[in-house]
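A closer look at the structure
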Amino acid sequence: MSFENLGLAPALSRALADAGYEQATEVQQQAIPMGLSRLDLKVSSQTGSGKTAAFALPALQRILDARGDSSKRREKGVVHGPRVLVLAPTRELAMQVAKAFTIYGKHVQGLRVATVVGGVPYGAQLKALRGPLDVVIATPGRLIDHLGTGKCVLDNLEMLVLDEADRMLDMGFIDDIRHIAEQTPAERQTVMFSATFAGHVGRLADELLK
């Protein structure tokens, strides 16, 4: 199936074409339309299946929808904190996801993406968190640090994504994930991607998803 048939905004379709993407993978065909409908999703997907685009594209569509026609007007007021939060198990995966958002959001005017991960100086992250933000991509531990100091605010979050949720739980992040989710609005859209939903991953999905 072509990406053009998935109901994405022209700015996103153009970025995909620029990057040489033509046909959507199976997980993208199934997850993107439901993600655009703002449904909570539980997606069993392996690394390399195209899962990042399956959540990044609906997230970017949400940002475009919130702005309205950004070519004609600017959104009034400043929304503090991100509209979209992606939690990832490792710094490396978080950086890969951030790169994907940059590629797919190439034609989203003024897109602001911040990466909040361990092993990186706090200064640059604090600077990024002070300004208006569209997307934060974070590892749970470092995000907890910024939530604790009040430097990151999730009051206006609209979409929470847990990428490779099984790996995050294997690494001991379950309590951090629960704490982060408690800081977000109850009416958010929640999307979980995991290789499996057996055991504790499935129970967490039952807690967080509608």
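Residues numbered from 1 in each chain as written. Predicted model: local features only at pLDDT ≥ 70, side-chain atom pairs only at ≥ 80, totals over all residues. Heavy atoms only, no water.

Another point: the side chain of threonine 139. With respect to the secondary-structure elements, threonine 139 resides in the loop between β4 (135–138) and α6 (140–149). What threonine 139 contacts, discounting residues up to four positions off in sequence, is Ala88, Pro89, Thr90, Arg91, Val116, Val117 and Gly118. (Helix = DSSP H or I, 4+ residues; strand = E, 2+ residues; numbered from the N terminus. Contact = heavy atoms within 4.5 Å.)

Put simply, the protein chain has an average pLDDT of 90, and 95% of its residues get 70 or more. In the predicted structure, residues 69–76 sits below a pLDDT of 50 and forms seven contacts with residues beyond four places in sequence or in another chain. (pLDDT = per-residue confidence, 0-100.)

So, on to the packing of aromatic side chains. Tallied over the full model, the rule gives three aromatic pairs. Consider the rings of tyrosine 21 and tyrosine 104, whose centres lie 6.0 Å apart with planes at 65°: the pair is edge-to-face. Of the two residues, tyrosine 21 is situated in the loop between α1 (10–18) and α2 (26–36) and tyrosine 104 in helix α4 (residues 91–104); the sequence distance between them amounts to 83 residues. Using a relative accessible area of 39% as the deciding quantity, one classes tyrosine 21 as partly exposed. Chaining the aromatic ring pairs together yields one cluster made of Phe55, Phe101 and Phe193. The aromatic ring of tyrosine 122 is capped on one face by arginine 142, whose charged end is 3.9 Å from the ring centroid. (Phe/Tyr/Trp six-rings, centres within 6.5 Å; stacked < 30°, edge-to-face > 60°. Buried < 20%, exposed > 50% of the residue type's maximum accessible area, 1.4 Å probe, protein only. Lys NZ or Arg CZ within 6 Å of the ring centre and 35° of its normal.)

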